[in-house]
Amino acid sequence: MDAIMTVLAAVLLANADGRSARLLHALIAQRQDKRRVVAIFFASFALLAVVSAGGALIAAYTLGLGVLNLFAAMALGSAAGALLWAGRQPHDTTALTDASPFGLAVRLGAIQLGDRNQFLIFGLAPLSGAVPWAIVGGLIGLLLAMLPVLALGPAVLERSGAKWARWTAAALLLIWATVLLRRAFGV
């Protein structure tokens, strides 16, 4: 249960900017095969999460606790940095609109490759002791973060409260990263 809740909270906070939700919302609005798009999006996430969890499992058995805390702190800090990066542009969906299902799967996999979600699963899962459950936590966290945008549309991200939510999520991620960084160096 620790792995689920830890990764769920981290992924939920890390996706407070709505970037992934905006991408999925745009694809659903532009394509006719809406269910297939959603299935491909989450299948790409799940595949990359399994790879991240595999790396986390290897790390859990080969690295010390200090290094694992350092990796987790770096993952949380980079997620906070992504939230605070004001110059990030939304994904361009023009190439994805007319792509075949296989092409869409490849492109969505490439977009999500190296995303903060996979780093969070890799960084936080070894600390919990239940690495495979981190995939479930990441998936639930991503889904919960995407629900407001998918239900109410991307206009919800333009409200003033959304900006404060993003900044609060970044601050919480930085505090969490600081705690883990202190543990990594034994302070």
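Provided above is the structure to which this section pertains.
These numbers come from a predicted model, not from an experiment.

J.: Is there a simple way to think about the pattern of salt bridges in this case?
T.: A side chain of one charge can pair with a side chain of the opposite charge if their charged atoms are brought near each other. Under the counting rule described, the total for this entry stands at three salt bridges. Of the charged contacts in the structure, one is a salt bridge between R116 and D17, with a shortest N-O distance of 3.0 Å. Taken as a pair, R116 in helix 7 (residues 116-128) and D17 in the loop between helix 1 (2-14) and helix 2 (19-30) lie far apart in primary sequence, 99 residues in all. Taking the relative accessible area as the measure of exposure, D17 reaches 16% and is therefore buried.

J.: Help me out: how do you make sense of the packing of helix 3 (residues 34-62) against helix 8 (residues 131-152) in this one?
T.: Think of two packed helices as two axes; the pair is described by the angle between the axes and how far apart they sit. Close contact between helix 3 and helix 8 brings their axes to 9 Å; oriented N to C, the two are set at 145 degrees. For the crossing formed where helix 3 meets helix 8, the hand is right-handed. Residues F41, F42, F45, A49, V50, A53, A56 and L57 of helix 3 lie in contact with helix 8, whose contacting residues are V131, I135, G138, L139, L142, L143 and M146. Of the residues contributing to the contact of helix 3 with helix 8, the split by class is 14 nonpolar, one polar and no charged.

J.: When you look at helix 7 in this model, what are you seeing that I'm missing?
T.: An α-helical turn contains 3.6 residues, so any two residues separated by three or four positions project in the same direction. If you check helix 7, its first and last C-alpha atoms are 18 Å apart, about what 13 residues at 1.5 Å a residue would give, namely 18 Å. Every buried residue of helix 7 is accounted for by R116, N117, Q118, L120, I121, G123, L124, A125 and P126. Taken from the residues just after helix 7, G129 is the one with a positive phi, measuring 90 degrees.

J.: Where do I start with the nonpolar core in this structure?
T.: When a protein is soluble and globular, its nonpolar side chains tend to lie buried together. Formed by 45 residues in total, the largest nonpolar core has its most connected members in F41, L76, L104, L108, L120, L124 and L173. Sorting the residues of this core by element identifies helix 1, helix 2, helix 3, helix 4 (65-84), helix 6 (101-112), helix 7, helix 8 and helix 9 (160-184) as the ones contributing at least two each. Per-element accounting of this core gives the leading share, eight residues, to helix 3. Non-local contacts of L173, meaning those with residues more than four positions away in its chain, are made with A10, L13, A14, L76, A79, A80 and L83.

Parameters at a glance
- Residues numbered from 1 in each chain as written.
- Predicted model: local features only at pLDDT ≥ 70, side-chain atom pairs only at ≥ 80, totals over all residues.
- Heavy atoms only, no water.
- Salt bridge = Lys/Arg side-chain N within 4 Å of Asp/Glu carboxyl O.
- Helix = DSSP H or I, 4+ residues; strand = E, 2+ residues; numbered from the N terminus.
- Buried < 20%, exposed > 50% of the residue type's maximum accessible area, 1.4 Å probe, protein only.
- Axes fitted to C-alpha atoms, helices over the stretch in contact; angles between N-to-C directions.
- Left-handed = near helix turned anticlockwise from the far one by under 90°.
- Contact = heavy atoms within 4.5 Å.
- Nonpolar A, V, L, I, M, F, W, Y, C, P; charged D, E, K, R; others polar.
- Expected span 1.5 Å × (residues − 1).
- Core = buried A, V, L, I, M, F, W, Y, C linked by side-chain atoms within 4.5 Å.

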